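# Results of the structural survey
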Amino acid sequence: MHRRTRLSLRSSTINDKENEQELASPRKRRSQLPVSEKSAEQEEEEYVSSPKKATRKPGRPRLSRVEEPEDGSPGKGTPELVGKLPEREKEYDELVGYVENVLSTDGSGSLYISGPPGTGKTATLQRILNHPSFENALKPVYINCTSIKSVGSIYKKIAEELALKVAGTTEKQYQGAIEAHLERKHKTIMLVLDEIDQLASSKQTILYSIFEWPARPTARLILIGIANALDLTDRLLARLQARCELKPYLIQFLPYTKQQIVAILKACLAQTDSLSRFPEAALGLLAAKVASTSGDIRRALFIARRLVETAKKEDRKTGSTIPTVVSMGQVMAVLKQVYGASQSLSNDLEEGFPLQQKILICSLMLMLKHGKNKDITVGKLYDVYKTICTRRNIQAVDQTEFSSLCTLVETRGIVRLQGKKEPRMHRVCLQWDEEEVTSALNDKQLIASILSDVSCLGK
C-alpha cells in the first residue's frame, strides 16, 4: 500500500510540473473563420489549419451552446457560430421562420430534420440557438440519443437536463415529472434529439409519447428530431400523420453538390492563406469525388487539410519561399487512400454504386455464401464490413452512418430491412439474385477479393 501511495504521489508531482510548463508556455492561437464563412459541423478550421490532428476521423460535433456543461446550465454560443452557414442559407431561413412562428403564438411545435451525415444539420441548428431573437427566449436541451444506455432512459436524461426533482427512479416517474413540468408555467423549451432513430422500439411507444408532448395546451415545447433517414416519421410513426396537430414539420438537408463543396473549400482555404496552393482543377476533382460518394463536407475538408499539410512539409524540406502547389496526382493519391487504394477513381465516378455501398453488398453476399448463420442483422453485417475495410486500408463509416448506408441500398431495391426494433437489430435480406449481383460486380478486383476472403467472417 505504501508503494502505491509513493507511486501516485510521484505521478501527481509529474503531472503538476507538466501543467506548470503548459501554463508557462504561450498557447498557439487557432485560426478563426469569419461568421459568414464558418463551414458545416464546426469542423472547418480543424480540418484545414490544425496539423496535429491530421489523422483524426471527422465526426459529428457537439453543439457548443446546448452541450451539457458540468454545472447543468447551458453554455453560451461563440461569436463565430452566429449567422447563416455557407450554402445552407435556405434551410437556415426556413428554420428561423418556423421557430419565430411558434414563439409569436406562444405555442408549441415539432420538427424533423433529415439528411446524410456531414450536410450541416447540427451546425445550422447551433446557429439557430445563437440567433439574437432566440437566445433569451428559449431553454435549449440537447441530447444525442446514441449516448443513452437504453431507449427508456431518455426520460431520465431529459429530466436531468431540465433539473427536475423526481420522486423515484422508474421510467414512468421520470416521464410523469416531465409531463407535469410541461403543465406548469415555464420558458419555451427547445428539445433537440440528435440521432432520434436510436429511440426506435417494437411499438414505438417512447417516440409516440415524446412527439405527443407538443400537442399539450400549455407545453410551450419545440421538439426537434435529427436523423439521417428521410422517411423516419412516415415509416416508424405512421399514427402521427392521422392527426394534424401531431404531424411534424419536415426539413431535408440534401448532400452538398460539387459547386457547393468548391465554394466552402475556397472560403475556408482563403482564411488560412492556402487557396493559392490549389489549382481550380484540383479543387474540382476533390469536390467531384466527395459529392459523388457522400456529399459530406467534413470529408472534403479533411482531405483538403491533408493536402495542405503535405504541401507545407514540402516547403520546409526544400526551404523554398514560393508555396508548393498541390498537383492533380497528389489529389488522386489522397483520394485513393481515403476511399480505397484498389478503387479506380474514374471508374467509381462513372458507375452508379459508390465504393462503400459496394463493400456493404459484397459483405452481405460473403455472409450468405460462407457464413453459418443466414439470419443477418445490421449489427452483424457492420462487424464484417468493418473488418473488410480495415484489411484493405479503406476508411469505414461508423455505426450510425452504416445504418443510413443500408437504407440507401434498400432504396435501390437490392436489400430489404425487416424489424421494428432498434436499427442495428434490423434483419438484412438480399432481394436480388446472388448470381445477378455477382455478374454485375465481378469485373472489379476489389469485389472479387472480398467474396473470396472467408477469414473476414471470423471463423
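Summarised in this report is the structure supplied together with it. Fair warning: this is a prediction, and the values are worked out from it, not measured in the lab. (Residues numbered from 1 in each chain as written. Predicted model: local features only at pLDDT ≥ 70, side-chain atom pairs only at ≥ 80, totals over all residues. Heavy atoms only, no water.)

## What about the overall build of the protein?
Within the protein one finds 18 helices and 7 strands. In the protein, which comprises 459 residues, the share counted as buried stands at 50%. Counted over contacts in the protein with a minimum sequence separation of 6, partners at least 24 positions apart contribute 73%. Here the protein displays about 22500 Å² of accessible surface, and carbon together with sulfur accounts for 51% of that area. (Helix = DSSP H or I, 4+ residues; strand = E, 2+ residues; numbered from the N terminus. Buried < 20%, exposed > 50% of the residue type's maximum accessible area, 1.4 Å probe, protein only. Contact = heavy atoms within 4.5 Å. Areas by Shrake-Rupley, 256 points an atom, 1.4 Å probe, with all protein chains shown as cover.)

## Re the nonpolar core
Membership of the largest hydrophobic core comes to 66 residues, with the highest contact counts inside it found for L265, F278, L286, I303 and F402. Top element by residues in this core is helix α14 (residues 355-370). It accounts for 10 residues. Both domains that meet at this core, namely domain 2 (258-339) and domain 3 (349-456), each give it at least three residues. Other than its neighbours up to four places away in sequence, L265 contacts L283, L286, A300, L301 and A304. In this structure, I206, L207, W213 and L223 belong to the second largest nonpolar core, which totals 31 residues. (Core = buried A, V, L, I, M, F, W, Y, C linked by side-chain atoms within 4.5 Å. Domains from an automatic or database assignment.)

## Section: the environment of I261
Its location among the elements puts I261 in helix α9 (residues 258-271). As a C-alpha pair, I261 and D296 span 35 residues in sequence and 8.9 Å in three-dimensional space. Beyond its immediate stretch of four places on either side in the chain, I261 contacts Y256, A287, V290, A291, I297 and A300.

## Concerning the environment of L254
Tracing the backbone through its elements, the reader meets L254 in the loop between β5 (249-252) and α9. With 133 residues separating them along the chain, L254 and K121 place their C-alpha atoms 9.8 Å apart. Apart from residues lying up to four places away in sequence, L254 is in contact with R88 and T119.

## What to know about helix α6 (residues 171-183)
Helix length check: α6, at 13 residues, gives a terminal C-alpha distance of 19 Å against a target of 18 Å (1.5 Å per residue), a fit within 8%. Taken together, the buried positions of α6 are occupied by Y174, Q175, A177, I178, E179, H181 and L182. Buried residues belonging to α6 abut α5 (154-161), β3 (189-194) and α7 (205-212). (Expected span 1.5 Å × (residues − 1).)

## Things to note about unusual backbone geometry
Of note, the phi angle at D106 is positive, near 55°, even though the residue is not glycine. Take D106: its relative accessible area is 44%, and that puts it in the partly exposed class. One non-glycine residue, A163, lies in the positive phi region at around 55°. Structurally, A163 is set in the loop between α5 and α6. Looking at A163, the relative accessible area reads 63%, which means it is exposed.

## Brief notes about the packing of aromatic side chains
Between two aromatic rings, the relevant description is the distance of the centres plus the angle of the planes. Taken as a whole, this structure holds 5 aromatic pairs when the rule is applied. Their ring planes at 35° and their centres at 5.9 Å tell us that Y382 and Y385 sit as a pair that is tilted. Residue Y382 and its partner Y385 are both found in helix α15 (residues 378-391); the two are separated by 3 residues, about one turn of the helix. Like Y385, Y382 is buried. (Phe/Tyr/Trp six-rings, centres within 6.5 Å; stacked < 30°, edge-to-face > 60°.)

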